[in-house]
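The lines below spell out each chain.
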Amino acid sequence: MLSKYWKRIGMIILIVACVFNIMAKLVNKLSLNKEMLYSAQYMEQKEK
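Treat the numbers as computed from the prediction; the structure is a model and nothing was measured.

Rules behind the numbers
- Residues numbered from 1 in each chain as written.
- Predicted model: local features only at pLDDT ≥ 70, side-chain atom pairs only at ≥ 80, totals over all residues.
- Heavy atoms only, no water.
- Helix = DSSP H or I, 4+ residues; strand = E, 2+ residues; numbered from the N terminus.
- Areas by Shrake-Rupley, 256 points an atom, 1.4 Å probe, with all protein chains shown as cover.
- Patch = residues over 30% accessible without salt bridge, like charges linked within 9 Å, V, L, I, M, F, W, Y side chains within 5 Å.
- Salt bridge = Lys/Arg side-chain N within 4 Å of Asp/Glu carboxyl O.
- Buried < 20%, exposed > 50% of the residue type's maximum accessible area, 1.4 Å probe, protein only.

Peer 1: With reference to specific residues and values, describe the overall build of the protein.
Peer 2: In terms of regular secondary structure, the protein is built from one helix and zero strands. Referenced to the eigenvectors of the C-alpha coordinate spread, the extents of the protein come out at roughly 70 × 10 × 5 Å. Split by element, the accessible area of the protein, about 5,100 Å² in all, is 69% carbon and sulfur.

Printed below as a string of structure tokens:
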């Protein structure tokens, strides 16, 4: 039975992996933007 549906199972696994990859990149990008903002605020306070 598994051999009958191997293409569908493979496609589902591929789609799930792509979704997780995209979500991980978005989360890391948002964290990077926050880190850059915090660094800019710190440098601004240090200059004052």
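Peer 1: Tell me about a nonpolar patch on the surface, and name the residues and values.
Peer 2: On the surface, a nonpolar cluster with roughly 680 Å² of combined accessible area is contributed by Met11, Leu14, Ile15, Val19, Ile22, Met23 and Leu26. Note that Met23 resides in helix H1 (residues 6-47). Assessed through its relative accessible area of 46%, Met23 is described here as partly exposed.

Peer 1: Describe in detail the environment of Leu30, supporting the description with residues and values.
Peer 2: Within the secondary structure, Leu30 sits in helix H1. Counting along the chain gives 26 residues from Leu30 to Lys4, while the straight-line C-alpha distance between them is 42 Å.

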